[in-house]
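# Examining the three-dimensional arrangement
So you can see what is in the structure, the chains are spelled out below.
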Amino acid sequence: MSNSTQRSSSPELSLESFLKANEAAKKVLDAAKNFFKEVEEYGYARIFTYPVFEDLIAASQLQLTLEEKGITAIVDIAPIAQPDDESPLVSIDAKVSKRKAPTLEIYPTTPRVDGNNVTFWVNEPNPSAVVIKLLEELYLVKEEYKLFSIVASYVMERDVWGGLQELIIQNLMMSGILVKDITFSLYKWKSLPICYSVAYTAIPFFLTFSANPSKTCEYFKVNDLEIDDTTTINDLTKEGEDTLANFINLLLRSLENISKRKRDVIEIIFEGIELTEEAVTEYGLPKLLTHGFKQGSFVFLTVIDLSPFHVLLLPSMSTHYYRMEELYQKNIVFARDEVPASLLNAKLINGVGKKAIVYSFTSSPPSPTLTYRMIRDLGYASDAGTLVAFNAESRTIIPVDSIKRAGLDIGYLIRKASALGWRLEGGSLVKEDEKGKELKALLEA
């Protein structure tokens, strides 16, 4: 196993090598490196971002690495805090106005240099991967921090094979931290009996079986698959490929019966990556990821509903988030009880150039972010430009994640919401709003 703080073990995995055919991006990369040299001389930097999981992970990776270099780094999360105008600033996935102080934007647009303002990006959808590979050009980056770029990719529902993510994966595989294998996107599938694993899986969301292992077992039995409450996936693999194929086909059939969108076998079984048992011990990493990164990533996603600052701490303290899985499982039970009726009674609210679908619940979701993802997994609420909001206990709740996935301007909407008295609670904008008038006012702002 490699040293926890080594740089990429092969020059071929470097960002500079990745950009070798892109001269324009390489020039901007040089400017970004110079920015960090200025930050080192200054000894201080601010980091600015929005309360979205993958952006907060990138902010955390940057903050932790700079502070290990002896540079004080403060994270400002809109709308909780705004950066000052005098300090060097790294803005992650957020546009900022031109500043006098050195500024580095990690933002999905054409790389460019404008005075001491640098905008750096790679044709790559994960800001965390961009941050890690940029940092690796200059500093030692801990292996345990790099892992969370992969978590962020799965949270964003992106393919990890290709681009910067794959460079990070290759690095971690060479270090003996990760292994590539056929894996299942089922909760704790290596240690739990199948009926429990399926019942407590969030994405894909098996609505019919949610938090109900006995109902799951019964479904398999009536379809002539001998699975009881002790049978594991490992038991099925020993019975041969036909038994495993029947199991997967039954799960697909269940999804197709409850879903508005076409389902694919790779949602259940696919070529993925897993954390090694040795890495769990050596680096104090979450054992959850030894079951594969996909379902584990959605468990981590629930941390944002505790608070954005929990996400910032996640890369360095992931094994200590005992509340994370508790929150995840509570939300599975909530979804079982509340989501079916809410899907039938959703309301559409139109504003000026924006619209929102509102799902009503009798109580607030333990994890609004995960609830939104589960509804979206079924094929609802996935239209571009459409917000998803929840109404519960006389409040309207808008997961910030839904603003991001709808392709709306997060900065604009958060600023407008803040001006209208909305507050940030965990990963959601929240306001007292029994009849939906406040949400309509926000859409018309």
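Summary of the structure given here.

What follows covers the overall build of the chain. What the chain contains, in helices and strands, is 18 helices and 14 strands. Computed over the C-alpha atoms, the radius of gyration of the chain is 22 Å, within 12% of the 22 Å expected from 2.2 N^0.38 for a compact globule of 445 residues. The dimensions of the chain, computed from C-alpha atoms along their principal axes, are 70 × 55 × 35 Å. A burial count over the chain gives 59% of its 445 residues as buried. Counting contacts in the chain only where the partners sit at least 6 residues apart, residues at least 24 apart contribute 68% of the total. About 17900 Å² of surface is accessible on the chain, with carbon and sulfur atoms providing 48% of the total. Taking the 48 positively charged and 60 negatively charged side chains of the chain as two groups, their mean positions are separated by 6 Å.

Overall, the coordinates contain one disulfide when judged by the stated rule. A sulfur-sulfur separation of 1.9 Å characterises the disulfide bridge that pairs Cys 195 with Cys 217. Note on the Cys 195 and Cys 217 pair: the S-S dihedral is about 110°, so by sign convention the disulfide is right-handed. A residue pair is termed long-range when its members are at least 10 positions apart, and Cys 195 in helix H7 (residues 194-199) and Cys 217 in helix H8 (residues 213-222) qualify at 22 residues. For Cys 195, a relative accessible area of 0% gives the class buried.

So, about the environment of Ser 318. Its place among the elements puts Ser 318 in the loop between helix H13 (308-317) and helix H14 (322-344). Classification of Ser 318 as buried rests on a relative accessible area of 4%. The spacing of Ser 318 and Glu 144 is 174 residues in sequence and 9.6 Å in space, taken between C-alpha atoms. Beyond its immediate sequence surroundings of up to four residues, Ser 318 is in contact with Phe 148, Gly 284, Leu 285, Pro 286, Phe 300 and Met 324.

Of the two faces of strand E3 (residues 89-92), the one holding Leu 89 and Ser 91 and the one holding Val 90 and Ile 92 are both buried throughout. Relative to E3, strand E1 (residues 44-49) runs parallel, the two being bridged by three bridges. Note that in E3 the partner of Phe 48 across the bridge is Ser 91.

Let us look at the packing of H14 against helix H15 (residues 368-377). Taken N-terminus to C-terminus, the directions of H14 and H15 make an angle of 50°; their axes are 10 Å apart at the nearest point. It follows that H14 is oblique to H15 by the angle criterion. Relative to H15, H14 is oriented so that their crossing is right-handed. Contact with H14, carried on its side by Tyr 328, Asn 331, Ile 332, Phe 334, Ala 335, Val 339 and Leu 343, involves Leu 370, Thr 371, Met 374 and Ile 375 of H15 and no other residues of that element. A breakdown of the residues in the contact of H14 with H15 according to their chemical character gives nine nonpolar, two polar and no charged.

Under the definition given, this model contains 32 salt bridges. A salt bridge links Lys 33 to Glu 137; its shortest N-O distance comes to 3.3 Å. On the criterion of sequence distance, the pair formed by Lys 33 in helix H2 (residues 23-42) and Glu 137 in the loop between helix H4 (127-136) and helix H5 (143-155) is long-range, its members being 104 residues apart. Taken as a pair, Lys 33 and Glu 137 share a single burial class, namely buried. Residue Glu 444 pairs with Lys 440 through a salt bridge whose shortest N-O separation is 3.3 Å. Here Glu 444 pairs with Lys 440, and both are found in helix H18 (residues 437-444), just four residues apart, close to one helical turn. Residue classification places Glu 444 among the partly exposed positions, given a relative accessible area of 42%. Salt bridges here are not isolated pairs; linked through shared partners, they connect Glu 54, Glu 157, Arg 373, Arg 376, Asp 401 and Arg 405.

Under the defined criterion, the tally for this structure stands at twelve aromatic pairs. With a centroid separation of 5.7 Å and an interplanar angle of 65°, the aromatic rings of Phe 48 and Tyr 50 are classed as edge-to-face. Residues Phe 48 and Tyr 50 agree in their burial class; the two are buried. Here Phe 220 and Phe 247 contribute two aromatic rings whose centre-to-centre distance is 5.5 Å and whose plane-to-plane angle is 50°, an arrangement assigned as tilted. Of the two residues, Phe 220 is situated in helix H8 and Phe 247 in helix H10 (residues 241-258); the sequence distance between them amounts to 27 residues. By the burial criterion, Phe 220 is buried, and Phe 247 matches it. Through successive ring pairs, a cluster of aromatic residues spans Phe 209, Tyr 219, Phe 220 and Phe 247. In this structure, Lys 180 packs its charged tip against the face of Trp 161, placed 4.6 Å from the ring centre. Between the NZ or CZ atom of Lys 294 and the centre of the ring of Phe 270, over which it lies, the distance is 4.0 Å.

In this section: the packing of helix H3 (residues 53-68) against H13. Two elements in contact, H3 and H13, have axes separated by 8 Å at closest approach and are oriented at 55°. Classified by the angle between their axes, H3 and H13 sit oblique to one another. Seen from above, H3 lies across H13 with right-handed handedness. Of the residues in H13, those in contact with Phe 53, Leu 56, Ile 57, Ala 59, Ser 60 and Leu 64 of H3 are Pro 308, Val 311, Leu 312, Leu 313, Leu 314, Pro 315 and Ser 316. When grouped by side-chain class, the residues that make up the contact of H3 with H13 number eleven nonpolar, two polar and no charged.

Now for the nonpolar core. Phe 53, Leu 104, Phe 120, Ile 150 and Leu 178 are the most contacted members of the largest nonpolar core, which totals 106 residues. Formed by 26 residues, the second largest nonpolar core is a distinct cluster that contains Phe 48, Ala 356, Ala 417 and Leu 439.

With respect to the secondary-structure elements, Asp 433 resides in the loop between strand E14 (428-432) and H18. Nearest to the buried, unbridged Asp 433 among oppositely charged side chains is Lys 431, at 7.7 Å. A distance of 2.8 Å separates the side chain of Asp 433 from the backbone nitrogen of Glu 438, its partner in a polar contact. Each residue touching Asp 433, except ones within four places of it in the same chain, is listed here: Asn 391, Ser 394, Arg 395, Thr 396, Glu 438 and Leu 439.

Calculation notes
Residues numbered from 1 in each chain as written. Predicted model: local features only at pLDDT ≥ 70, side-chain atom pairs only at ≥ 80, totals over all residues. Heavy atoms only, no water. Helix = DSSP H or I, 4+ residues; strand = E, 2+ residues; numbered from the N terminus. Rg over C-alpha atoms; globule rule 2.2 N^0.38 Å. Buried < 20%, exposed > 50% of the residue type's maximum accessible area, 1.4 Å probe, protein only. Contact = heavy atoms within 4.5 Å. Areas by Shrake-Rupley, 256 points an atom, 1.4 Å probe, with all protein chains shown as cover. Lys, Arg positive; Asp, Glu negative; His and termini not counted. Charge placed at Lys NZ, Arg CZ, Asp CG, Glu CD. Disulfide = S-S within 2.5 Å. Pairing = 2+ DSSP bridges. Axes fitted to C-alpha atoms, helices over the stretch in contact; angles between N-to-C directions. Parallel < 35°, antiparallel > 145°, perpendicular 65-115°, else oblique. Left-handed = near helix turned anticlockwise from the far one by under 90°. Nonpolar A, V, L, I, M, F, W, Y, C, P; charged D, E, K, R; others polar. Salt bridge = Lys/Arg side-chain N within 4 Å of Asp/Glu carboxyl O. Phe/Tyr/Trp six-rings, centres within 6.5 Å; stacked < 30°, edge-to-face > 60°. Lys NZ or Arg CZ within 6 Å of the ring centre and 35° of its normal. Core = buried A, V, L, I, M, F, W, Y, C linked by side-chain atoms within 4.5 Å. Polar contact = N/O pair within 3.5 Å; in protein donor to acceptor, adjacent residues only side chain to side chain.

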